[in-house]
Amino acid sequence: MKNIRKTSWLCVMGIGLTLQGCILPVNTKVVKTRGATRMAQVPVETVQKQHTRLISPSKDDARYREMLIDWKLRSLAHDPEQLREFFLPLPKGAGLHMDLAGSVSTERLIAWGAADGLCINRKNWTAESPPCQGKAVPMQEAMAERALHRKIVQEWSMEHFQGSRQEAQQHFWDALDKFDAVLSKKRLVDSLADILSIAGKNTHSYVELLHGLNSDQVGKRAARYIQPDDPWTETVLLKRRQQIMADPLFQKTVAHTTANLKKWVAGARDLLGCKTGNPDPGCAVEVRFLMSANRTRDRGYVFGQWVYGYELARQSPLVLGIGLMGPEEHENSLAYYDDEMFALDVLHRLKQADTQQQPVRIALPAGELIPELVPDTLEGQWHLKFHIRHAVEMGHAERVGHGCDVLGEEDHTELLTRMRERGVLVEACLTSNAVLLGKTGRSHPLNLYLGQGVPVVLATDHAGILRIDITDEFVRAVTHQHLGYSELKRMVRASVEHSFLPGASLWQEEGRYERVVNACAQDPAGATHGSASCNRFLQGSRRAAMQWKLEGQLAAFEEQVVEQ
Ligand SMILES: [Zn+2]
């Protein structure tokens, strides 16, 4: 019975495929033309003589396999738990738009705070250094007292949060401050290990983490060189850049962070037991960083952080680019938005002139706004009209985080076309947008972007605070956005295609995941012992090597699902 149902569903979906196993309508004949298959009308009497034709399915046909998996996926669409089980082993490529501090699991934070002897202030629920005074009690108590533990989880995350959109935003961003004392330098290695472990268990093979990377020190120092009333012109910014870079603190911080990053990653790998016989799944996950500036500070501070980020990316192979962090509706974010996009334009053009170095890549959150979050004034509401466009056009963002209010943008149709043509990727954070902006189902623009051919990936944003992982986002993409397997597979491929890993793409045509480059065209997807030409190509491109690995993982996943 199951097979009959499966077959009939495939027949409905099977346009352009060899219609395996379908009992064709009596006056329809399968005609092959130049390799393609189509159906043609033939005289009824001819068909009656032939009776019905049965054509066997071939699981080797990639499109057939995808349809079969899609069918299976849709049959689970009503059951989030089974969907989760289905998606857990799906290779998910690259984790983009992941904030390091916000991605650590809350239980880990509490355990570290307790182990490090910190206190929890029972009035504002902020972690504090000992001695515990006034309303503060040892966090250790939370390990024994369930109610206290539960309360801290709620204060440090969105678990069971109830309130208005503004209150949700406040609670979300406050959480980072509340557990900030836990994430001391001492716990950076643990944080990284925790995130890699979760990524590995969710079958990510690469993550790009957003972090300040000590840029606050340079941001603060920038105030020495940039006065609030300085003109904001290219000439002035370039001069200030040189002054900031000449400050002894600047090179010292770059050198120190470059060395420490290597130690962080090595330390996390040690914690995960990567050199032991029992490595954690996180050992299979590669990691790079984007230095994110703090948009709640003034424009000079942010500029100083970006100047630093550019230099850090030049010196550390683990840092690939720069980003921006903080609430987009913050008064400083709004006041300095265009000044900051202009600053990025200046830095980007300066970097482009330097052809010797790897480019510094730019990913910006933009359009994480709804009318209720910005001031109810003409000027305030005006911000809904240009943030995404200016991130793309002035800020040179290759990836846009959230992009939720795209329909509010001035001439959004043209903007979507531009994003498609430039290959600007949208990092869609479905749970984050539902919890913080109330954007879910049709009110979320995910399907709009997909319909317009704009590349999209699913991202977790601040997974720890949101109490999710990337697998949950795949489930949500089916239950709330009704996506099918081929769309999700495309997103997985896009995550590596649009990652900032250096090197050429595996694919002949960007964004069209149809034909791999000639060097690997004769090799089975993901083959570890491929042809000499393919090996040479992959050795020259970190990105292509990651894509090749992903193709092998996808093929293995599909085979397993089809065989079930
Ligand atoms: Zn975000």
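Further up the page is the structure itself.
Note that the coordinates shown come from a computational prediction; the quantities given were computed from them, not determined experimentally. (Residues numbered from 1 in each chain as written. Predicted model: local features only at pLDDT ≥ 70, side-chain atom pairs only at ≥ 80, totals over all residues. Heavy atoms only, no water.)

Asker: Break down the layout of surface pockets for me, with residues and values.
Answerer: If a probe as big as a water molecule is rolled over the atoms, it shows which places are left empty. Put simply, the largest pocket is a space of about 1200 Å³. If you go around the largest pocket, you meet 37 residues; those closest to its centre are L176, D177, D180, D216 and N294. Secondary structure elements with two or more residues in the lining of the largest pocket: α5 (100-103), α9 (165-178), α11 (215-221), α13 (248-271) and β8 (286-294). A total of 7 residues in the lining of the largest pocket trace back to one element, the largest contributor, which is α9. Of the residues belonging to the lining of the largest pocket, the class tally is 13 nonpolar, 16 polar and 8 charged. Among the domains, domain 2 (94-99 + 185-499) and domain 3 (105-178) are the pair contributing at least three residues each to the lining of the largest pocket. Space inside the second largest pocket adds up to approximately 550 Å³. Forming the boundary of the second largest pocket are 28 residues, of which A62, R63, E66, K489 and R493 lie nearest the centre. Those elements that place two or more of their residues in the lining of the second largest pocket are α3 (62-75), α24 (485-497), β15 (512-516) and α26 (542-563). (1 Å grid on protein atoms, 1.4 Å probe; cavity = no way out; pocket = protein on both sides within 12 Å on 5 of 7 lines; lining within 4 Å. Points joined across faces, edges and corners; volume = space filled by probe spheres on them. Helix = DSSP H or I, 4+ residues; strand = E, 2+ residues; numbered from the N terminus. Nonpolar A, V, L, I, M, F, W, Y, C, P; charged D, E, K, R; others polar. Domains from an automatic or database assignment.)

Asker: Give a detailed account of the pairing of strand β9 (residues 319-325), specifying residues and quantitative values.
Answerer: Burial analysis of β9 places 7 of its 7 residues in the buried class, which makes it a mostly covered element. In this structure, β8 lies alongside β9, joined through 6 bridges in parallel fashion. Along β9, the bridge assignment pairs L290 with G321. What joins β8 to β9 is helix α14 (residues 299-315), and the crossover it makes is right-handed. Across 2 bridges, the pairing between β9 and strand β10 (residues 361-366) is parallel. The partner of G321 across the bridge, within β10, is R361. (Buried < 20%, exposed > 50% of the residue type's maximum accessible area, 1.4 Å probe, protein only. Pairing = 2+ DSSP bridges. Right-handed = clockwise from strand over helix to strand, strands pointing away.)

Asker: Just give me the short version of the coordination of the zinc ion, but keep the residues and values in it.
Answerer: All of the protein donors around the zinc ion are H97 (NE2), H402 (NE2) and D461 (OD); their distances to the metal are 2.2 to 2.3 Å. Every donor residue of the zinc ion comes from the same chain, spaced as H-x304-H-x58-D. Of this pair, H97 sits in strand β3 (residues 93-99) while H402 sits in strand β11 (residues 399-402); the two residues are 305 residues apart in sequence, bridging distant segments of the chain. Considered together, H97 and H402 belong to a single accessibility category, that of buried residues. (Donors = N, O, S within 2.8 Å, 3.2 Å for Na, K, Ca; no water.)

Asker: How would you explain empty space enclosed by the protein if you had to name every residue and give the values?
Answerer: The final tally for this structure, using the stated rule, is 5 cavities of 30 Å³ or more. Taken as a whole, the largest cavity spans an internal volume of roughly 140 Å³. In this structure, the largest cavity is lined by 17 residues; those nearest its centre are H97, L210, L324, M325 and P365. Among the residues forming the lining of the largest cavity, the class breakdown is 8 nonpolar, 4 polar and 5 charged. Approximately 120 Å³ is the volume found for the second largest cavity. Lining of the second largest cavity is provided by M98, S103, I195, I198, A199, N202, H204, T460, A463, I468, D469 and I470. When the residues that make up the lining of the second largest cavity are grouped by side-chain class, the tally is 7 nonpolar, 4 polar and 1 charged.

Asker: Give a detailed account of α24, specifying residues and quantitative values.
Answerer: A rise of 1.5 Å per residue sets the reference length of α24, with its 13 residues, at 18 Å; its end C-alpha atoms lie 18 Å apart and thus fit the reference within 8%. Counting buried positions over the 13 residues of α24 gives 10, a clear majority of the element. Residues of α24 that are buried include every one of Y485, L488, K489, M491, V492, R493, A494, S495, V496 and E497, and no others. (Expected span 1.5 Å × (residues − 1).)

Asker: How would you explain the sheet that holds strand β4 (residues 119-121) if you had to name every residue and give the values?
Answerer: Spatially, the 3 strands line up as an open sheet ordered β5-β4-β6, and their pairing is antiparallel. Among the strands making up the open sheet, the edge pair consists of β5 (127-128) and β6 (136-138). Relative to β6, β4 is paired through 3 bridges, and the arrangement is antiparallel. Of the residues in β6, the one forming a bridge with C119 is P138.

Asker: Which residues make up the environment of E85, and what values do they have?
Answerer: Mapped onto the elements, E85 comes out in helix α4 (residues 80-87). Judged by its relative accessible area of 63%, E85 falls in the exposed class. Residues E85 and T471 lie 386 residues apart in sequence; the distance between their C-alpha atoms is 8.9 Å.

In short, shape yes, function no, at least from these values alone.
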